[in-house]
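Chain by chain, the residues:
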Amino acid sequence: MDGFKITRNCPAPAALIADYQVAADAPRRLTATGYGDLLEKIPAGADWILADELGIEKIDPYTWGLVQGPLRDALKTPTQSARGTRMPLKDC
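Because the structure is a prediction, the values reported are computed rather than measured.

Trainee: Teacher, can you tell me more about the packing of aromatic side chains here?
Mentor: The description of two aromatic rings rests on the distance between their centres and on the angle between their planes. Within the structure shown, the criterion is met by 1 aromatic pair. Taking the centre distance of 5.9 Å and the plane angle of 50 degrees together, the rings of Trp 48 and Trp 64 count as tilted. Of this pair, Trp 48 sits in helix H2 (residues 28-53) while Trp 64 sits in helix H3 (residues 61-67), and the two are 16 residues apart along the sequence.

Okay, here's the thing in structure tokens:
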């Protein structure tokens, strides 16, 4: 808004429908951007831990599990991600 990014509260989506082959075939630039976004979840988690400890914002266990729970697995194969290799998905 007025040249600045703003964040607005909104409900989470009820579902996500995606074509895995389209995602696997995405240009490297887009894959790298998505991988970078995942990497940013590490310091974001640390920020949330600090905010919780300081009494600013309590950690919501459900939301924490959605983001931080699968993060390690999502980040452990950067070379395969860069090549567009489709990985088997775990149950959500």
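Trainee: Looking at this model, I keep getting lost on the environment of Asp 52. Mind explaining?
Mentor: The topology assignment puts Asp 52 in helix H2. A polar contact of 3.3 Å, which involves the side chain of Asp 52, links it to the backbone nitrogen of Ile 59.

Trainee: Sorry if this is basic, but what is going on with unusual backbone geometry here?
Mentor: Most of the time, phi is negative for any residue but glycine, and the peptide bond is trans. Positive phi is not limited to glycine here, since Asp 2 has a value of about 55 degrees. Here Asp 2 is to be found in the segment before helix H1 (20-24).

Trainee: How should I be thinking about the side chain of Gln 68 in this particular structure?
Mentor: Relative to the elements of secondary structure, Gln 68 occurs in the loop between H3 and helix H4 (71-75). A polar contact of 2.8 Å, which involves the side chain of Gln 68, links it to the backbone oxygen of Lys 41. Not counting residues within four places of it along the chain, the set of residues in contact with Gln 68 comprises Lys 41 and Gly 45.

Trainee: Help me understand a nonpolar patch on the surface in this model?
Mentor: Together, Leu 50, Leu 54 and Ile 56 line one region of the surface with nonpolar side chains, adding up to about 360 Å² of accessible area. By secondary structure assignment, the location of Leu 54 is in the loop between H2 and H3.

Trainee: It is not clear to me how the pattern of salt bridges should be interpreted in this structure. Could you clarify?
Mentor: Oppositely charged side chains can form a pair if their charged atoms are brought close together. One pass over the full model with this rule turns up 3 salt bridges. Across the pair Asp 52 and Lys 58 runs a salt bridge, and its minimum N-O distance is 3.6 Å. Owing to a relative accessible area of 67%, Lys 58 belongs among the exposed residues under this scheme.

Trainee: Sorry if this is basic, but what is going on with the environment of Ser 81 here?
Mentor: By the element assignment, Ser 81 lies in helix H5 (residues 78-83). Residues Ser 81 and Ala 26, spaced 55 residues apart in sequence, show a C-alpha to C-alpha distance of 10 Å. When near neighbours in sequence (up to four residues on either side) are disregarded, Ser 81 contacts Thr 31 and Tyr 35.

Trainee: Could you clarify how one ought to interpret the confidence of the model for the chain in this entry?
Mentor: Low pLDDT marks regions whose predicted coordinates should not be analysed in detail. Mean pLDDT for the chain: 87, with 93% of residues reaching 70 or above. Here H5 is the element of the chain with the lowest mean pLDDT, 81, and H2 is the one with the highest, 93.

Trainee: Looking at this structure, how should I read the environment of Leu 75?
Mentor: Relative to the helices and strands, Leu 75 resides in helix H4. Each C-alpha atom of the pair Leu 75 and Asn 9 lies 27 Å from the other, and the pair is 66 residues apart in sequence. Those residues in contact with Leu 75 that lie beyond four places of it in its chain are Tyr 35, Leu 38, Leu 39 and Ile 42.

What counts and how
Residues numbered from 1 in each chain as written. Predicted model: local features only at pLDDT ≥ 70, side-chain atom pairs only at ≥ 80, totals over all residues. Heavy atoms only, no water. Phe/Tyr/Trp six-rings, centres within 6.5 Å; stacked < 30°, edge-to-face > 60°. Helix = DSSP H or I, 4+ residues; strand = E, 2+ residues; numbered from the N terminus. Polar contact = N/O pair within 3.5 Å; in protein donor to acceptor, adjacent residues only side chain to side chain. Contact = heavy atoms within 4.5 Å. Patch = residues over 30% accessible without salt bridge, like charges linked within 9 Å, V, L, I, M, F, W, Y side chains within 5 Å. Areas by Shrake-Rupley, 256 points an atom, 1.4 Å probe, with all protein chains shown as cover. Salt bridge = Lys/Arg side-chain N within 4 Å of Asp/Glu carboxyl O. Buried < 20%, exposed > 50% of the residue type's maximum accessible area, 1.4 Å probe, protein only. pLDDT = per-residue confidence, 0-100.

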